[in-house]
Amino acid sequence: MKENKIFLEISGMTCDHCAVSIEKLLEKKKGILSKKVSYAKSKSEVSFDTEVISKEEIINGVNQGNHYKAKETIHINSRHFDLIIIGGGSAAFSAAIKANELGLTTLLVNGGLDFGGTCVNVGCVPSKTLLRAGETAYHATHSNFAGIKPRGVDIDFAQVIKGKKQLVKTLQQKKYMDVVSDFKNLQMIKGWAEFMDDKTILINGKDEYTAIKFIIATGATTNIPDIEGLKDIGYLTNVTLFDLEEKPTSITIMGAGFIGLEIAMAYNRLGVQTRIIEFTDRVLRTQTPDISIELQKHLGNEGIEFLPNFRAVKFEKSGDDTLIYCKCPDGIFTKLTEPGKVVVASGTKPNTQKLGLHNIGLQLTQSGHIQVNEMMETNLNNIYAVGDVTNAPAFVYTAAFEGKIAVENAFTGSEIKADYLSLPWVVFTDPQVAGAGLDEAQASAQNIPFEVSKILLSDVPRSIAANDIRGFIKLIRNPETDKLLGARIVAPEGGELIQQLSMAIKYGITVKELAESFYPYLTLAEGIKLAAITFGKDVSKLSCCAS
């Protein structure tokens, strides 16, 4: 005998006698071991011998009188699940959606940030709306045309932040909570999860839950450097800064990566005097120097102060001011005074500290990220990891993709791989920085033959007509195949161009094909055509619309 259990949702019952009638119908079926029908809950629980009767025969037995309609439903054991997802951001919700499609009983346990994670609460959504608010203020006071005289702007900073808060609240509800609100096989708990063994977690130090498979999607948080006095000055991060309704007189930002630069761009344009301290020699140090130089030039022209090769060694309060002691490029120490706020944007670290990973031997990288392969598998065959907590690229759209494929790989036998060779990305400064594929330094490091074509926006008709020639478009190709290896763009709204180039890399479109394609005249996208032509011609000597 092979015993199994089926849970039914039954419509059509009008009283307790109906429940008794259904139990009598089931009694007539051979192989039924036990049955329990509830009129109040419109549900039935039936144990049966699978060698004698099937689920379909049981359902048909209930439906045979035409009075009742039965269908199988998922029964969630409050302590055991098919899948437990630890985390509450885009990767976790994507995994939960796919799990629901597969009919898996799922527990999603989330501690720290509210459901929705970094992107909607303290990352992409608030930063981009503040950047657009700052852009609106900037264009009200600046013009590219001599005949246009802006009249200025009145910034209600508190209202801008309140609007941001409402947007976050709306999107968190509509794009996260509402999406899973009718998932009958999903249970959600707020709390901290710790692994007791590779099949068991403890939530909030008291309740044990077990699962067949686990997905860790706990994300990352700001890496706070260990600098004397920093913890005592009331520093801010993106988590706390974006909720500050009182406009600071000024801010000093620690770090010139994409987070620090986007914060600087938004707040400087909203009327906050902004300074960036960067311990390396340039902004966006992961990119080639020409990108750093170009971007820093334009942000500097707007009044953002950069202090490259400055290393903060001590912080202390002096009344309402913060004193920042720094080691300068020449080795001499200096003291900076910050009357406003200090914002830490010095990179991120994965959220692994409270997970009890030492109890299960989960493998980490040297940087502390969870080590995963292209299928999001860890070194433990029933545990997967996705999103910013892993060694994969840290973007909201890659995290969501990873959450989906992790569930498929874990439960369907699929072997879907995350291929990031053509991954597009954008830094939302103004001008924006965008990229896909390899740059010349990466191609050189991999011993891939390459050639570079670079066109300044001063040679792009759209930019000339707009009186805004900030930036360039750079293409990197393999001269042996003429296929695009990568692209880098510094341009106003340059991020809108990168998807086309990402697709060209992914599908092996040649530079010749890019050059010979049609582009609408006086669009920024025409710059791609011109950059492609520049591999073989001097584009400055071509007429408009020339090929």
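Heads up: the structure comes first, above all this text.
The notes below deal with the structure included here. (Residues numbered from 1 in each chain as written. Predicted model: local features only at pLDDT ≥ 70, side-chain atom pairs only at ≥ 80, totals over all residues. Heavy atoms only, no water.)

### A short note on the sheet that holds strand β23 (residues 451-456)
Spatially, the five strands line up as an open sheet ordered β21-β22-β25-β24-β23, and their pairing is antiparallel. In this open sheet, the two strands that pair with only one neighbour each are β21 (424-427) and β23. The mean angle between the axes of side-by-side strands here comes to 10°, regardless of whether they run parallel or antiparallel. Note that β21 and strand β22 (residues 432-437) share four bridges and pair antiparallel. (Pairing = 2+ DSSP bridges. Helix = DSSP H or I, 4+ residues; strand = E, 2+ residues; numbered from the N terminus. Axes fitted to C-alpha atoms, helices over the stretch in contact; angles between N-to-C directions.)

### Considering a nonpolar patch on the surface
Side chains of Met503, Tyr507 and Ile509 sit close together on the surface and give an oily, nonpolar patch of about 280 Å² of accessible area. Take Tyr507: it is sitting in the loop between α13 (498-506) and α14 (511-516). Judged by its relative accessible area of 54%, Tyr507 falls in the exposed class. (Patch = residues over 30% accessible without salt bridge, like charges linked within 9 Å, V, L, I, M, F, W, Y side chains within 5 Å. Areas by Shrake-Rupley, 256 points an atom, 1.4 Å probe, with all protein chains shown as cover. Salt bridge = Lys/Arg side-chain N within 4 Å of Asp/Glu carboxyl O. Buried < 20%, exposed > 50% of the residue type's maximum accessible area, 1.4 Å probe, protein only.)

### What about the pairing of strand β8 (residues 193-197)?
Bridge count for β8 against strand β9 (residues 200-203) is four bridges, and the pairing is antiparallel. Residue pairing across strands places Phe195 opposite Ile201, the latter belonging to β9. Taking the residues that link successive antiparallel strands as the turn, the β8-β9 hairpin has two residues.

### Looking at the pairing of strand β16 (residues 321-327)
It is a general feature of regular strands that their side chains alternate between the two faces of the sheet. Pairing geometry for strand β15 (residues 311-318) and β16, over seven bridges, is antiparallel. Note on β16: the bridge partner recorded for Glu316 is Leu323. Counting the residues in the hairpin turn of β15 and β16 gives two residues, including Gly319, whose phi is positive at 65°. Across six bridges, the pairing between β16 and strand β17 (residues 333-338) is antiparallel. Pairing of Leu323 across the sheet is with Thr337, part of β17. Counting the residues between successive antiparallel strands, the hairpin from β16 to β17 contains five residues, one of them, Gly331, with a positive phi of roughly 90°.

### A few points about the environment of Ser143
Looking at the element boundaries, Ser143 is found in the loop between α5 (124-139) and α6 (157-177). Distance in space between the C-alpha atoms of Ser143 and Leu104 is 56 Å, their sequence separation being 39 residues. When neighbours within four sequence positions are excluded, Ser143 is seen to be in contact with Ile148 and Pro150. Within the local environment of Ser143, its side chain forms a polar contact with the backbone nitrogen of Phe145, the two atoms lying 3.0 Å apart. Here Ile148 takes part through its backbone oxygen, which lies 3.3 Å from a polar atom of the side chain of Ser143. (Contact = heavy atoms within 4.5 Å. Polar contact = N/O pair within 3.5 Å; in protein donor to acceptor, adjacent residues only side chain to side chain.)

### So, the nonpolar core
By size, the foremost hydrophobic cluster in this structure holds 54 residues, and its most contacted members are Ile84, Phe195, Ile201, Ile216 and Met376. No other element matches helix α3 (residues 90-101), which puts six residues into this core. Filtering out sequence-adjacent residues up to four positions away, Ile201 remains in contact with Ile84, Ile86, Val109, Ala193, Glu194, Phe195, Met196, Asp207, Glu208, Tyr209 and Phe214. In terms of nonpolar packing, the next biggest core, distinct from the first, is built from 33 residues, Ile263, Val343, Val433 and Val490 among them. (Core = buried A, V, L, I, M, F, W, Y, C linked by side-chain atoms within 4.5 Å.)

### Remarks on unusual backbone geometry
Across residues other than glycine, the phi torsion is negative in most instances, and most of the peptide bonds are trans. Pro431 follows Asp430 through a cis peptide bond whose omega is 5°. Residue position: Pro431 is located in the loop between β21 and β22. Backbone geometry places Asp482, a non-glycine residue, at a positive phi of 65°. Relative to the elements of secondary structure, Asp482 occurs in the loop between β24 (472-477) and β25 (484-491). Accessibility expressed as a relative area gives 15% for Asp482, which makes it buried. Unlike most non-glycine residues, Glu493 shows phi in positive territory, near 60°. Structurally, Glu493 can be placed in the loop between β25 and α13. Assessed through its relative accessible area of 29%, Glu493 is described here as partly exposed.

### Some remarks on the pattern of salt bridges
Summed over all chains, the structure comprises 30 salt bridges. Notably, a salt bridge pairs Glu45 with Lys5, separated by 3.1 Å at the nearest N-O pair. Here Glu45, found in strand β3 (residues 43-49), pairs with Lys5, found in strand β1 (residues 3-11); they are 40 residues apart in sequence, far enough to count as distant. Take Glu45: its relative accessible area is 33%, and that puts it in the partly exposed class. Lys5 sits in the partly exposed class, given a relative accessible area of 37%. Its salt-bridge partner being Glu9, residue Lys43 comes within 4.0 Å of it at the nearest N-O pair. Of the two residues, Lys43 sits in strand β3 while Glu9 sits in strand β1, which places them 34 residues apart along the sequence. The partly exposed category is assigned to Glu9, whose relative accessible area is 23%. Through salt bridges that share partners, Arg269, Glu302, Asp430, Asp468 and Arg470 make up one connected network.

### Quick word on the packing of α5 against α6
One way to put it is that α5 packs onto α6 with a least axis distance of 10 Å and a crossing angle of 140°. Read as a crossing pair, α5 and α6 show a hand that is right-handed. Contacts between α5 and α6 involve Val125, Pro126, Thr129, Leu130 and Ala133 on the former and, on the latter, Val160, Ile161, Lys164, Leu167, Val168 and Leu171. Along the lines of polarity and charge, the residues of the contact of α5 with α6 split into nine nonpolar, one polar and one charged. (Left-handed = near helix turned anticlockwise from the far one by under 90°. Nonpolar A, V, L, I, M, F, W, Y, C, P; charged D, E, K, R; others polar.)

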